[in-house]
Amino acid sequence: MSTRTYFLTLAFAVFFSGAVGQGINPLFIPDTLTGPTFNLTVKQSKVQFLPGDSSETYGINGDYLGPTLIMNRGDFVRMNVTNLLPDTTTMHWHGMHVAPEDDGGPHTTILPNETWSPEFEVMDEATTFWYHPHLHEKTAFQVYKGAAGMLIIRDSLESALNLPRTYGVDDFPLILQDKSFDPTNQFIYQQLNDTMMINGTLSPYLEVPAQIVRFRILNASNQRVYNVGFPPLIQVVQIGSDGGLLREPVPITRVLLSPGERAEILVNFDLPRPNNIVMAANNSEMGNGISGAPIGPGGGPGNPLDGVDFNLIEFRIGPQTANPITSIPSNLNSWTPLDPNEADVIRTKVFDTIPPASFPFLINSTPFDHHYINDTVILGDVEIWNLVNRTTEAHPFHIHDIQFFVLSINGFPPPPTLAGRKDVIMSLPGDSISFIAKFEDHFDPIIPYMYHCHNLFHEDGGMMGQFLVLESATGVEDAFADDEFSSRFQLFPNPATDKLTLTSEGLPDEQLSHVTVRDIFGKEMYQLAVTPSTSKVEMEVSKLTPGFYLLEVKSKDGRREILRFIRK
Ligand code: C2O
Ligand code: CU
Ligand code: CU
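Read on for a plain summary of the structure. (Residues numbered from 1 in each chain as written. Chains lettered and ligands numbered in written order. Predicted model: local features only at pLDDT ≥ 70, side-chain atom pairs only at ≥ 80, totals over all residues. Heavy atoms only, no water.)

1. Describing the overall build of the protein
Argument step 1. If you tally the helices and strands in the protein, you get six helices and 40 strands.
Argument step 2. The buried share of the protein, taken over its 568 residues, is 58%.
Argument step 3. Within the protein, counting contacts between residues at least 6 apart in sequence, those at least 24 apart form 74% of the total.
Argument step 4. Entry remark: accessible area of the protein is about 21,900 Å², with carbon and sulfur atoms responsible for 53%. (Helix = DSSP H or I, 4+ residues; strand = E, 2+ residues; numbered from the N terminus. Buried < 20%, exposed > 50% of the residue type's maximum accessible area, 1.4 Å probe, protein only. Contact = heavy atoms within 4.5 Å. Areas by Shrake-Rupley, 256 points an atom, 1.4 Å probe, with all protein chains shown as cover.)

Structure below.
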């Protein structure tokens, strides 16, 4: 049972009737974890959200959601993700620039009771990312049950700025999710829900110091968009977008966040007449087609949160901290978007359906297929992607591996809040959006990166594609023609009919850590258990259908080789 209680008083009904803007429960602040080793256990749990029955949840190291991971740029980290769910899962570091095999996409499954342990260097600049499962067709369900958490990157440039950054004191995560409960208080798994939750707290309030406070807002809902707003006369600036700090603070009254997006904002609570402040979702102002808007296919008829303004959280202003931040730096970051004239490749991704059907939504009329590589990118290339929305709904487009710069939205330059590093951009019905990105550092001949709609129902429904980043244009063949590798391992007999043997005779000390059989598209068929001192593995291949296969061999020193074999 949970040690955390989200118990609500009778005032619950009053709060949601909109009569008063008061929170009832203190906002839960997730614990932090710092590296270099992060141990994460995804498991089933229960939480007392409401009076009566507790609700069945998923949690990471806890009962609902996961700890906030704090990493520093340049760190070498090891993630140990243990899956205690009754189902397969994956764990994706949303926004991070990591190698395909470390990215936790749908190809990198973690079976029940298995631990997945990727290791990588943190290459990103200071920002707010998040992590969540990415198992195809189960992403929405697993995230909705509570498997998700925030990930904060720090670096020396951000640390040199006079910004609030004491977690839980003047720097707070706000993870927005909507939920529905059935009469026994169990989550109802559906697209749009009627009850708001922040960090797993219903009707939250937060005591904040009377000074400048930083919020890292994450839309971790499956579908609902939030038009986050503050009452007039409160000073609010946006300082960061998905992948880093903006160049300078941008005064805002609203921040529109689609699923997957993050915004870092500063709010000045040093007010002449301190009053409690409500942060709301001004969703009555949202345009048609946006999930949760007043009208259009994105709205859910009869859903009480659709098309209306509702409170998200109440801030109660308390005393200042010892060394309060009282002013906002005028310069935050320096970057220059890539030059469109440097682009090596231009791609167009059309959001559509296959007529006469109006669902599922697809990208270029192509439903997601594990075995099909939609795009191949050459390492080092600068690419422009044009996103064209031919549907009547808004789609938050997300791409792995890179952060992009928006070049234009319907022919106009992006507003300053969308001009910085982004990994999700919401495309409204009829929109044409172009972004530019450079694909650097990481490549893999078999494991792809994903791009998809971050409306998780659309994603699970097939609105997703995948791309390989290849080291050179000669691609896969080149990757296989690696001399070093042929001298390290031998496979025989090849072709094989029943038994296949892998040895590393040339290097007697070679120690294998993983041997994985994949099909020619990179899909994992099975993994072989190898003991740490193994330098020889015998495999039974008789059950494989005849054809070409890949054998991914990882050695204890972290090197990885791809071999090919034929099952005759
Ligand atoms: Cu937040 Cu492909 O994911
Ligand atoms: Cu992602
Ligand atoms: Cu979509």
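Continuing now.
2. So, the environment of Ser-555
Argument step 1. Mapped onto the secondary structure, Ser-555 falls in strand β39 (residues 547-555).
Argument step 2. Given a relative accessible area of 3%, Ser-555 falls into the buried group.
Argument step 3. A C-alpha to C-alpha distance of 8.8 Å links Ser-555 and Val-515, two positions 40 residues apart in sequence.

3. Looking at the coordination of the copper ion (ligand 3)
Argument step 1. Taken together, the protein donors to the copper ion (ligand 3) comprise His-395 (ND1), Cys-453 (SG) and His-458 (ND1), at separations of 2.0 to 2.1 Å.
Argument step 2. Positions of the donor residues of the copper ion (ligand 3) along the chain correspond to the pattern H-x57-C-x4-H.
Argument step 3. On the basis of relative accessibility, which here comes to 3%, the residue His-458 falls in the buried class. (Donors = N, O, S within 2.8 Å, 3.2 Å for Na, K, Ca; no water.)

4. Examining the sheet that holds strand β30 (residues 424-427)
Argument step 1. Here five strands make up an open sheet; going across it, the order is β26-β33-β32-β28-β30 and the pairing mixed. Both edges of this open sheet fall to β26 (375-378) and β30, since each of them pairs with a single strand only. Geometrically, the sheet is characterised by an average inter-axis angle of 25° between neighbouring strands, direction not taken into account.
Argument step 2. Inspection of the sheet shows strand β28 (residues 395-399) paired to strand β32 (residues 449-453) by three bridges, in the antiparallel sense. Bridge assignment links His-398 to a residue of β32, and that residue is His-452. (Pairing = 2+ DSSP bridges. Axes fitted to C-alpha atoms, helices over the stretch in contact; angles between N-to-C directions.)

5. Looking at the sheet that holds strand β36 (residues 512-519)
Argument step 1. Spatially, the four strands line up as an open sheet ordered β37-β36-β39-β40, and their pairing is antiparallel. Lying at the two open borders of the sheet, with one neighbouring strand each, are β37 (524-528) and β40 (560-567). Each strand axis lies, on average, 25° off the axis of its neighbour in the sheet, ignoring direction.

6. Focus: the coordination of the copper ion (ligand 2)
For a metal bound by four donors in a tetrahedral arrangement, the ideal donor-metal-donor angle is 109.5 degrees, while six donors in an octahedral arrangement ideally sit at 90 or 180 degrees.
Argument step 1. Distances from the copper ion (ligand 2) to its protein donors, His-92 (NE2) and His-398 (NE2), fall at 1.9 Å. With His-92 in strand β7 (residues 92-94) and His-398 in strand β28, this residue pair connects regions lying 306 residues apart in the sequence. Each member of the pair, His-92 as well as His-398, is classed as buried.

7. Quick look at the pairing of strand β12 (residues 171-179)
Argument step 1. A large share of β12 lies buried, amounting to nine of its nine residues.
Argument step 2. The alternating pattern of β12 places Asp-171, Pro-173, Ile-175, Gln-177 and Lys-179 on one face and Phe-172, Leu-174, Leu-176 and Asp-178 on the opposite face, and all of these are buried.
Argument step 3. Here four bridges tie β12 to strand β13 (residues 195-198), and the two strands are oriented antiparallel to one another. Residue pairing across strands places Lys-179 opposite Thr-195, the latter belonging to β13.

8. Describing the pattern of salt bridges
Argument step 1. Here the structure, examined in full by the defined rule, presents 21 salt bridges.
Argument step 2. If you follow the salt bridges from partner to partner, you end up with Glu-158, Arg-165, Asp-171, Arg-214, Arg-216 and Glu-264 in one network. (Salt bridge = Lys/Arg side-chain N within 4 Å of Asp/Glu carboxyl O.)

9. Regarding the environment of His-452
Argument step 1. With respect to the element layout, His-452 can be found in strand β32.
Argument step 2. Residue His-452 is classed as buried on the basis of its relative accessible area, which comes to 0%.
Argument step 3. For the pair His-452 and Ile-399, spaced 53 residues apart in the sequence, the C-alpha separation amounts to 6.5 Å.
Argument step 4. Ignoring anything within four residues of it in the chain, the contact list for His-452 reads His-134, Ile-363, Pro-396, Phe-397, His-398, His-400, Glu-459, Met-463 and Met-464.
Argument step 5. A distance of 3.2 Å separates polar atoms of two side chains, one belonging to His-452 and the other to His-134. (Polar contact = N/O pair within 3.5 Å; in protein donor to acceptor, adjacent residues only side chain to side chain.)

10. Points about unusual backbone geometry
Argument step 1. Between Phe-359 and the following residue, Pro-360, the backbone shows a cis peptide bond with an omega angle of -5°.
Argument step 2. Residue Pro-493 follows Phe-492 across a cis peptide bond; omega there is -15°.
Argument step 3. Its location among the elements puts Pro-493 in the loop between β34 (490-492) and β35 (499-503).
Argument step 4. Although it is not a glycine, Asn-61 adopts a positive phi angle of roughly 60°.
Argument step 5. Mapped onto the secondary structure, Asn-61 falls in the loop between β4 (55-60) and β5 (68-72).
Argument step 6. Residue Asn-61 is classed as partly exposed on the basis of its relative accessible area, which comes to 37%.
Argument step 7. The phi angle at Asp-401 is positive, at roughly 80°, despite the residue not being glycine.
Argument step 8. Relative to the assigned elements, Asp-401 resides in the loop between β28 and β29 (405-409).
Argument step 9. Asp-401 sits in the buried class, given a relative accessible area of 2%.

11. Concerning the nonpolar core
Among soluble globular proteins, nonpolar side chains are generally buried collectively.
Argument step 1. In terms of nonpolar packing, the biggest core is built from 36 residues, with Phe-215, Leu-312 and Phe-315 touching the most fellow members.
Argument step 2. By residue number, the principal contributor to this core is strand β23 (residues 309-318), which donates five residues.
Argument step 3. When residues no more than four places from it in sequence are discounted, the contact partners of Phe-315 are Leu-174, Leu-206, Val-208, Phe-215, Phe-230, Phe-269, Asn-275, Asn-276, Ile-277 and Met-279.
Argument step 4. The next biggest cluster of nonpolar side chains, apart from the first, holds 24 residues, and it includes Tyr-58, Ile-60, Val-98 and Tyr-131. (Core = buried A, V, L, I, M, F, W, Y, C linked by side-chain atoms within 4.5 Å.)

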